[in-house]
Amino acid sequence: MGFQVDQKMTNIMIEKAIVECADSIFAGDTLRMRQSLLQSHCEHCRCVAQSLVRQLGEYLGQVDQTVKAVFHYEPVEIPGNEHPGSSEPHVGINLIVWVERKSAALNALIEALETALQNSQRQIGCASATPKCFALDVRLASDLEVQDERGLGLLVRNASIRSLPVWERVMQSQPIPHAAETEQPQVILPETFDPELIPESRLLEHALSIENIPPQERGMLEHHLTELKVILIRRIISDQLAYINIAKRWFSVRDLAEIHRRKIGLGRIGGKAAGMLLAANILNEMGDDLLRASYCVPESFFLGSDVTYIFMAMNGLMYWNDQKYKPENQIWDEYPQIKQDFETGKFPPEILVELKDLLERVGNKPLIVRSSSLLEDNFGTAFAGKYDSHFCPNQGMPAENLEALTLAIARTFASTLKPEALLYRRSKGLQDYDERMAILIQVVQGETYGRYYLPHGAGVAFSHNLYRWNPQIRREDGFARLVWGLGTRAVERVGNDYPRPVALSHPTLLPDDTPEAIRYYSQQYVDLIDLKENTLKTLPVHDVLRPDYPALRFVTQLERDGYIVTPRSRVMQDEISSLVITFDELLRRTPFAATLSKMLRLLEKHYHSAVDMEFTVRIPDPFALPPQMQITLLQCRPQSLLKQTAAGKIPEMLENEDIVFSTRFMVPNGLVENIRHVLFVVPEVYFSLETDRARKELGGLISQLNAILPEKSFICIGPGRWGSLNTDLGVYVCYSDICNTGALV
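Anyway, here's the lowdown on the structure attached to this text. (Residues numbered from 1 in each chain as written. Predicted model: local features only at pLDDT ≥ 70, side-chain atom pairs only at ≥ 80, totals over all residues. Heavy atoms only, no water.)

1. Thoughts on helix α11 (residues 271-286)
- Given a rise of 1.5 Å per residue, 16 residues ought to cover 22 Å, and the 22 Å separating the end C-alpha atoms of α11 matches this to within 8%.
- Across the 16 residues that make up α11, a large majority, 13, are buried. (Helix = DSSP H or I, 4+ residues; strand = E, 2+ residues; numbered from the N terminus. Expected span 1.5 Å × (residues − 1). Buried < 20%, exposed > 50% of the residue type's maximum accessible area, 1.4 Å probe, protein only.)

2. Comments concerning the pattern of salt bridges
- Evaluated as defined, the whole model comprises 35 salt bridges.
- K418 is the salt-bridge partner of D388, the closest N and O atoms lying 3.0 Å from each other. Separated by 30 residues along the polypeptide, D388 in the loop between β8 (367-373) and β9 (390-392) and K418 in the loop between α16 (398-414) and α17 (419-427) bring together distant segments of the chain.
- The residue R489 makes a salt bridge to D527 at a minimum N-O spacing of 3.1 Å. In this pair, R489 sits in helix α18 (residues 488-491) while D527 sits in strand β16 (residues 525-530), placing the two residues 38 residues apart along the sequence. Accessibility classification places R489 together with D527 in one group, the buried group.
- One connected set of salt bridges, linked through shared partners, spans R451, D530, E533 and K537. (Salt bridge = Lys/Arg side-chain N within 4 Å of Asp/Glu carboxyl O.)

3. Focus: the packing of helix α2 (residues 30-38) against helix α3 (residues 42-63)
- Contact pair α2 / α3: the axes reach a minimum separation of 8 Å and the direction vectors enclose 115 degrees. The handedness of the crossing between α2 and α3 comes out as left-handed. Along the contact surface, α2 presents M33, S36 and L37, while α3 presents H44, C45 and V48.
- Residue composition of the contact of α2 with α3, by class: four nonpolar, two polar and no charged. (Axes fitted to C-alpha atoms, helices over the stretch in contact; angles between N-to-C directions. Left-handed = near helix turned anticlockwise from the far one by under 90°. Contact = heavy atoms within 4.5 Å. Nonpolar A, V, L, I, M, F, W, Y, C, P; charged D, E, K, R; others polar.)

4. Topic: the environment of V230
- For V230, the location among the structural elements is in helix α8 (residues 221-237).
- The class of V230 is partly exposed, set by a relative accessible area of 24%.
- The spatial distance from the C-alpha of V230 to the C-alpha of N245 is 8.6 Å, given a sequence separation of 15 residues.
- Setting aside chain neighbours within four positions, we find V230 in contact with I244 and K248.

Dropping the structure here:
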């Protein structure tokens, strides 16, 4: 026969059966079909079995020329033969194959089919399934048995057997056409085409049938393929027109099918996931071989945006949905209760099953649950830092890991109603938009070092450099903030620490290159995952660094005899306290800066906008010559930029009493006009406040002034960093407290 049975073939059969049953039961919605199978709807399993009967019959007839016909039979109960106490219904797939003669080869093929099908049954995922559900029982009836009406030859006449023909050999009167003469695949367009009613799986199947036709032969179908891609992008990824206008050029239908396969639940995957995937496709298509080999994206999964409402409805939380229309004070007062309500919510069983499968797939790798709302990371509305993301170390027992994952998702759902997010939407005229929270679940990028898990480097990069501390720095080459460990310290710019600033045109150039300044403005703390304690931690860098850290010379330098030097030999334990995080060797000896700059320029060109991106960096082999690196793209979005204006002219010979404030430090370009008020927090008075609560109450007063004063008519000047969570390091405010100010100093 020349045919071999493998697991892949029976897996495809079951997948095809599920699609066929979804067409007949749920109008093509394969997700609902899978969910019904997970929930042990036996009548739907029978539909799958009936499809398998047909497929198996056709397969046996095609692979063995001695097969004349295939019948499906189900034994029926004969009165008086019931077994007391037996109520189990007949299960399994039962076939009778009429053959010219019985053969060992056909028997071996059937045995292989039986084994493979039993293994493939597991992909259905029904908790109530038994090995009998899709057990395959194939019996052979020879020509002689049929002619003599004995044995299985009586299959159509025996009252205790119900048999139905599944496949029958038809003699061909025409010769089989040569392969070169076969017709091209035909695509039949539906007479009525409503993209809102057709399930995504059907749209994908239809679009793939066109995409599989060679481009030069598509003809008038090319425009229909574009239409289908736009519909699929809008339904699966994003409904933002600015995004769709770019994305339709870069996504293939196969890309969209892969996204759909990794999506859990209904709805879109949201802005953060959309930006990452678009950037990856642009780099894959436009980057050269060296660039494509130098970057990757993390393993990612998507929780659809409609799951938010399903979760809220299931847990009686829909009454919070009008939160965006309430007064600001009420929004703030009620948020703690919202968080508590969401944290105690339960998830639909079908979602839990898929999340459990996800955890089994990734093993014990740490995960991050990232917000990916429909408005997030869009053109003009970045929502940077407005929603929550949560790390899941994922080192417990399976039930503990699932509980931690669902809690992280629930907390991220709750952040849709955070005061900072609602008030930001209000200020941007987006209050009436039906904002929903999708979830991006990613494997955390990093390496295990002892009990800790962290990347060699992480950060955020910008295609436009707004911080030119030296005239030779080229603005168009980009800028990055780089930290050791998890990138939270670079993205969130915590008040008690400093990332390494990198001008990508001159990566080793520092704003101040004195040893004292390099040490003072270096990273002091590292964010990492403690695998032993199964938690996220922030630790002093010198508590984690050891002489045996593989990437030590790429990440650190030594302060020795008043100089900052790169260690050329093994660092001793007593020198750990003299290490300084500079990334000098990474920037000097690897193509990191040049590669990152090239990525940013490509993305900016095809986004038609400046961009910023989050990333991690890894040194695969710290001892290789020359050393190489790999960048992981985590996120990409349009970069927020100030409007280009002519340089302001500062009057000469100003008297001291006419100068409100001045600085010799680096500042980005910008011009604010028509300032009528200065909101000044006197540093001495602020730090004389004895309690943390008193300092935070000051933030409430600033918020009141922010609401009263005309928009952009004032600037705020205060000690430390505005928005710092630590009141010892700056003024504690959030976005809504200072959203009307023209500038922060």
